There are 2 protein chains.
Amino acid sequence: MSLANERAGDREQGHENSQHLQLRAWLRLLTCANLVERRVRANLRESFDITLPRFDVLSQLARAESQGNVDGLTMGELSQRMMVSAGNVTGLVEGLVADRLIVRMAQAKDRRSARVKLTPKGLRAFEAMLGPHESWIDAAFSGLDEADLKRLLALLAKLKISAAGATP
Amino acid sequence: MSLANERAGDREQGHENSQHLQLRAWLRLLTCANLVERRVRANLRESFDITLPRFDVLSQLARAESQGNVDGLTMGELSQRMMVSAGNVTGLVEGLVADRLIVRMAQAKDRRSARVKLTPKGLRAFEAMLGPHESWIDAAFSGLDEADLKRLLALLAKLKISAAGATP
DNA sequence: CGGAGATATTTTAAGTCTAAAGTATCTCGC
DNA sequence: GCGAGATACTTTAGACTTAAAATATCTCCG
């Protein structure tokens, strides 16, 4: 292990064996999320000159499309999927529309809401990023074998339910 | 499970059993981190009218102190522990100094750097938040028993090493 | 000593994010 | 029909965040 490893993410140092297992798990979870996210963000910037939130928008739209959602997503659906506020989505979409990666279409059915969809250019751009993105994730998780990953998924599924509980 | 639970954090839906275990684990990790962080942020605001990053500064300083670090931390040490950029710390510290929760002290030894330390007021404020904060975390992790928590800690320890690898 | 890097921090510019208030539109009961 | 809420979204104000450039200081070799 390099010195960099020793120093990275020492958010949770100093708890020794003092129990507080929940707190220790939370701090370690946060450290891991930060480490991975930081890598992905830097890689997206260096390789494709795009930010992570914008990539996330493209990603959600591509996923929706691949699930058979031909008409794109509303701002609200995007907001929910990305787990960010509606106001935030407004700004992100604005930027991507300006870059011609997505389009906004008014709906006749409900004129309050708009649908957002990848342009062909946007789809091509996303598809070019998809492979590298997945390989960065694979690299970050390379220390875990298949059994580890499945156990981690199961534990996080439990956590997800418990952490979402009672949140309106 | 409420409807809110069904809809919360569906970042990873649509992958079915398509393998990509690393990617699925990453998305679920991110979802969990977001869910917990959102709760803590809202609770800190409602109960103590403080933001999470500011609480994090107080927390790091208190932890350093409890580890016997009487002289506080430098900006750089804070930046590393919090896993945020140095420029970010500058602004956070500014705000907390204005609120008289921390103090900045010049160092004779190395005049480039300053040390930051909790004021008595800052320590009292942090101590008041410590208990509630821990109970919020406990609540978020309540779906996991002790064995789960230990397994999760172990898996995240592996991930931490692997995700930190080769990061300068 | 003197200056060439190294190091610690701040500044800057741009983007992300939230909560809350505001706007527009829809729905539904009467 | 029509108005009272509900809903979808945008705007606003403020805080956080980063990367990169700028500043200040230190270290250490010659």
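Treat the numbers as computed from the prediction; the structure is a model and nothing was measured.

Student: Even after reading the chapter, I still don't get the overall build of chain A, so can you show me in this structure?
Tutor: Counting its regular elements, chain A contains seven helices and three strands. Along its sequence from the N terminus, chain A presents helices and strands in the succession α-α-α-β-α-α-β-β-α-α. Within chain A, the proportion of its 168 residues that are buried is 48%. For chain A, the share of sequence-separated contacts (at least 6 apart) that also reach a separation of at least 24 residues comes to 47%. Here chain A displays about 8,300 Å² of accessible surface, and carbon together with sulfur accounts for 52% of that area.

Student: Honestly, the pairing of strand S3 (residues 114-118) of chain B in this entry has me stumped. Any pointers?
Tutor: Look at any regular strand and the pattern is simple: side chains alternate between the two faces of the sheet. Residues and elements named next belong to chain B. Across the five residues that make up S3, a large majority, four, are buried. In this sheet, S3 lies alongside strand S2 (residues 102-106) in antiparallel orientation, the contact comprising five bridges. Bridge assignment links methionine 105 to a residue of S3, and that residue is arginine 115.

Student: Is there a simple way to explain the packing of helix H6 (residues 120-140) of chain A against helix H2 (residues 21-48) of chain B in this structure?
Tutor: Packed helices, taken two at a time, are described by their axes: the angle between them and the distance between them. Remark: H6 of chain A packs on H2 of chain B, axes separated minimally by 9 Å, with the N-to-C direction vectors making an angle of 80°. Judged by the inter-axis angle, H6 of chain A sits roughly perpendicular to H2 of chain B. Judged by residue contacts, His133, Glu134, Ile137 and Asp138 of chain A of H6 of chain A engage Gln22, Leu23 and Trp26 of chain B from H2 of chain B. Grouping the constituent residues of the contact of H6 of chain A with H2 of chain B by class yields three nonpolar, two polar and two charged.

Student: Looking at this structure, I do not really get the sheet that holds strand S2 (residues 102-106) of chain A. What am I missing?
Tutor: Two pairing modes exist for strands in a sheet, parallel and antiparallel, and in both the strands are linked by backbone hydrogen bonds. Residues and elements named next belong to chain A. The three strands are arranged S1-S3-S2 in an open sheet whose pairing can be described as antiparallel. The sheet terminates laterally at strand S1 (73-74) and S2, the two strands that pair on one side only. Inspection of the sheet shows S1 paired to strand S3 (residues 114-118) by two bridges, in the antiparallel sense. Counted as the bridge partner of leucine 73 is valine 116 from S3.

Student: Looking at this structure, I do not really get the protein's contact with DNA strand D. What am I missing?
Tutor: If you check the shell around DNA strand D, you find 25 residues, and the closest are Gly76, Thr90, Arg104 and Arg112 of chain A together with Thr51 of chain B. Arginine 104 of chain A is positioned with one of its side-chain polar atoms (N or O) 2.4 Å from a phosphate oxygen of DNA strand D. In this structure, arginine 112 of chain A approaches DNA strand D through a side-chain N or O atom, which is 2.7 Å from a base oxygen. Going through the elements one at a time, helix H2 (21-48), helix H4 (75-82) and helix H5 (86-98) of chain A together with helix H3 (52-66) and helix H5 (86-98) of chain B are the ones with two or more residues in the surface near DNA strand D. In terms of residue class, the surface near DNA strand D is made up of seven nonpolar, nine polar and nine charged.

Student: I keep staring at the protein's contact with DNA strand C and nothing clicks. Help me out?
Tutor: Thr51 and Ser85 of chain A together with Gly76, Thr90 and Arg104 of chain B are the nearest of the 25 residues found near DNA strand C. Counting only atoms of DNA strand C within 4 Å of the protein, the fraction found in sugar and phosphate groups is 79%. In this structure, arginine 111 of chain A approaches DNA strand C through a main-chain N or O atom, which is 3.0 Å from a phosphate oxygen. Within the side chain of arginine 104 of chain B, a nitrogen or oxygen atom sits 2.3 Å from a phosphate oxygen of DNA strand C. Every element with two or more residues in the surface near DNA strand C is listed here: helix H3 (52-66) and H5 of chain A together with H2, helix H4 (75-82) and H5 of chain B. Of the residues in the surface near DNA strand C, the class split is seven nonpolar, nine polar and nine charged.

Student: For this particular structure, what's the right way to read the packing of aromatic side chains?
Tutor: Pairs of aromatic rings are described using the distance from one ring centre to the other and the angle between the two planes. Across all of its chains, the model carries four aromatic pairs over all chains by this definition. Arranged with centres 6.3 Å apart and planes meeting at 50°, the rings of phenylalanine 48 of chain A and tryptophan 136 of chain A form a pair that is tilted. Separated by 88 residues along the polypeptide, phenylalanine 48 of chain A in helix H2 and tryptophan 136 of chain A in helix H6 bring together distant segments of the chain. On the basis of an interplanar angle of 35° and a centroid distance of 5.7 Å, the ring pair of phenylalanine 55 of chain B and phenylalanine 126 of chain B is categorised as tilted. Here phenylalanine 55 of chain B, found in helix H3, pairs with phenylalanine 126 of chain B, found in helix H6 (residues 120-140); they are 71 residues apart in sequence, far enough to count as distant. Looking at phenylalanine 55 of chain B, the relative accessible area reads 4%, which means it is buried.

Student: Please explain the nonpolar core as it appears in this structure.
Tutor: The nonpolar side chains of a soluble globular protein tend to be buried with one another. Within the largest apolar cluster, 96 residues are counted, with the highest numbers of intra-cluster contacts made by Phe141 of chain A together with Phe141 of chain B. Looking at which domains feed residues into this core, each of domain 1 (20-49) and domain 2 (51-132) of chain B gives three or more. In this view, phenylalanine 141 of chain A contacts Val36, Leu149 and Leu152 of chain A together with Gln22, Ala25, Trp26, Leu29, Leu159 and Ser162 of chain B; residues no more than four positions away in its chain are not counted.

Student: Could you clarify how one ought to interpret empty space enclosed by the protein in this entry?
Tutor: Space left empty within the atom packing is revealed by a probe, the size of a water molecule, rolled over the atoms. Residues and elements named next belong to chain A. This model, assessed by the stated rule, comprises one cavity of 30 Å³ or more. If you trace the largest cavity, you find it lined by Leu61, Ala64, Glu65, Asn69, Val70, Gly72, Lys117 and Leu118. Here the lining of the largest cavity takes three residues from H3, the largest share from any one element. Considering only residue class, the lining of the largest cavity consists of four nonpolar, two polar and two charged.

Student: Hey, could you run me through unusual backbone geometry in this one?
Tutor: Leaving glycine out, the prevailing phi sign among residues is negative, and the prevailing peptide bond configuration is trans. Of note, the phi angle at methionine 83 of chain A is positive, near 60°, even though the residue is not glycine. Accessibility expressed as a relative area gives 10% for methionine 83 of chain A, which makes it buried.

So, how was this worked out
- Residues numbered from 1 in each chain as written.
- Chains lettered and ligands numbered in written order.
- Predicted model: local features only at pLDDT ≥ 70, side-chain atom pairs only at ≥ 80, totals over all residues.
- Heavy atoms only, no water.
- Helix = DSSP H or I, 4+ residues; strand = E, 2+ residues; numbered from the N terminus.
- Buried < 20%, exposed > 50% of the residue type's maximum accessible area, 1.4 Å probe, protein only.
- Contact = heavy atoms within 4.5 Å.
- Areas by Shrake-Rupley, 256 points an atom, 1.4 Å probe, with all protein chains shown as cover.
- Pairing = 2+ DSSP bridges.
- Axes fitted to C-alpha atoms, helices over the stretch in contact; angles between N-to-C directions.
- Parallel < 35°, antiparallel > 145°, perpendicular 65-115°, else oblique.
- Nonpolar A, V, L, I, M, F, W, Y, C, P; charged D, E, K, R; others polar.
- Near = heavy atom within 4 Å.
- Polar contact = N/O pair within 3.5 Å; in protein donor to acceptor, adjacent residues only side chain to side chain.
- Phe/Tyr/Trp six-rings, centres within 6.5 Å; stacked < 30°, edge-to-face > 60°.
- Core = buried A, V, L, I, M, F, W, Y, C linked by side-chain atoms within 4.5 Å.
- Domains from an automatic or database assignment.
- 1 Å grid on protein atoms, 1.4 Å probe; cavity = no way out; pocket = protein on both sides within 12 Å on 5 of 7 lines; lining within 4 Å.
- Points joined across faces, edges and corners; volume = space filled by probe spheres on them.

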